[in-house]
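Structure at a glance
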Amino acid sequence: MPNDALDAIDAFGEGILYGAPPPVRERLRSDLRLRISAPDGGRSAPCQFETEHARTPATLRERGSFVRTIVDGVDDRLAAWGIETPEAYRYGATVDGTHRYDGTLEW
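What comes next is a walk through the structure. Computed from a predicted model, the values in this text were never measured in an experiment.

The terminal C-alpha atoms of helix H2 (residues 65-80), which comprises 16 residues, lie 22 Å apart, in line with the 22 Å expected from a rise of 1.5 Å per residue. Buried residues belonging to H2 abut helix H1 (3-18), strand E1 (24-29), strand E2 (32-36), strand E3 (44-51) and strand E5 (98-106). Immediately beyond the C-terminal end of H2, within one or two residues, lies Gly-82, with a positive phi of roughly 80 degrees.

Dropping the structure here:
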């Protein structure tokens, strides 16, 4: 996982501790991006992975072992901050050729 992505996840986790987590907008590889919105005062935040592939399986981890490894790495880093991740990131929509997989983070 790119260092910039790790730093952004850490800033989000630290922001939760201090009450102002910044949004995360990071490229994990050329065809995979991570988006975490800043929470609106609650104890949860939408989390979205964006990807470009020919197919759209029901969950992101169904894309294969390489994507699953990256997603597991993101989830593990979030868990280190006490953030619960969804069991699966589910396909939500395709916009301009980009497939979106959605989940909710909670703490």
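What follows continues from the structure just given.
Now for the pattern of salt bridges. Close approach of charged atoms allows side chains of opposite charge to pair. Under the counting rule described, the total for this entry stands at 8 salt bridges. Asp-10 is the partner of Arg-77 in a salt bridge, and the nearest nitrogen-oxygen pair spans 2.7 Å. Of the two residues, Arg-77 is situated in helix H2 and Asp-10 in helix H1; the sequence distance between them amounts to 67 residues. One salt bridge in this structure joins Glu-52 and Arg-33, with 2.9 Å as the shortest N-O distance.

Counting across every chain of the model gives 3 aromatic pairs. Ring geometry for Phe-12 versus Trp-107: centroids 6.0 Å apart, planes at 85 degrees, classification edge-to-face. A residue pair is termed long-range when its members are at least 10 positions apart, and Phe-12 in helix H1 and Trp-107 in the segment after E5 qualify at 95 residues. Note on accessibility: Phe-12 and Trp-107 belong to one class, buried. Each ring, one from Phe-49 and one from Tyr-89, has its centre 4.8 Å from the other, and the planes form 75 degrees; the classification is edge-to-face. Of this pair, Phe-49 sits in strand E3 while Tyr-89 sits in the loop between H2 and strand E4 (90-95), and the two are 40 residues apart along the sequence.

The rules behind each value
- Residues numbered from 1 in each chain as written.
- Predicted model: local features only at pLDDT ≥ 70, side-chain atom pairs only at ≥ 80, totals over all residues.
- Heavy atoms only, no water.
- Helix = DSSP H or I, 4+ residues; strand = E, 2+ residues; numbered from the N terminus.
- Expected span 1.5 Å × (residues − 1).
- Contact = heavy atoms within 4.5 Å.
- Salt bridge = Lys/Arg side-chain N within 4 Å of Asp/Glu carboxyl O.
- Phe/Tyr/Trp six-rings, centres within 6.5 Å; stacked < 30°, edge-to-face > 60°.
- Buried < 20%, exposed > 50% of the residue type's maximum accessible area, 1.4 Å probe, protein only.

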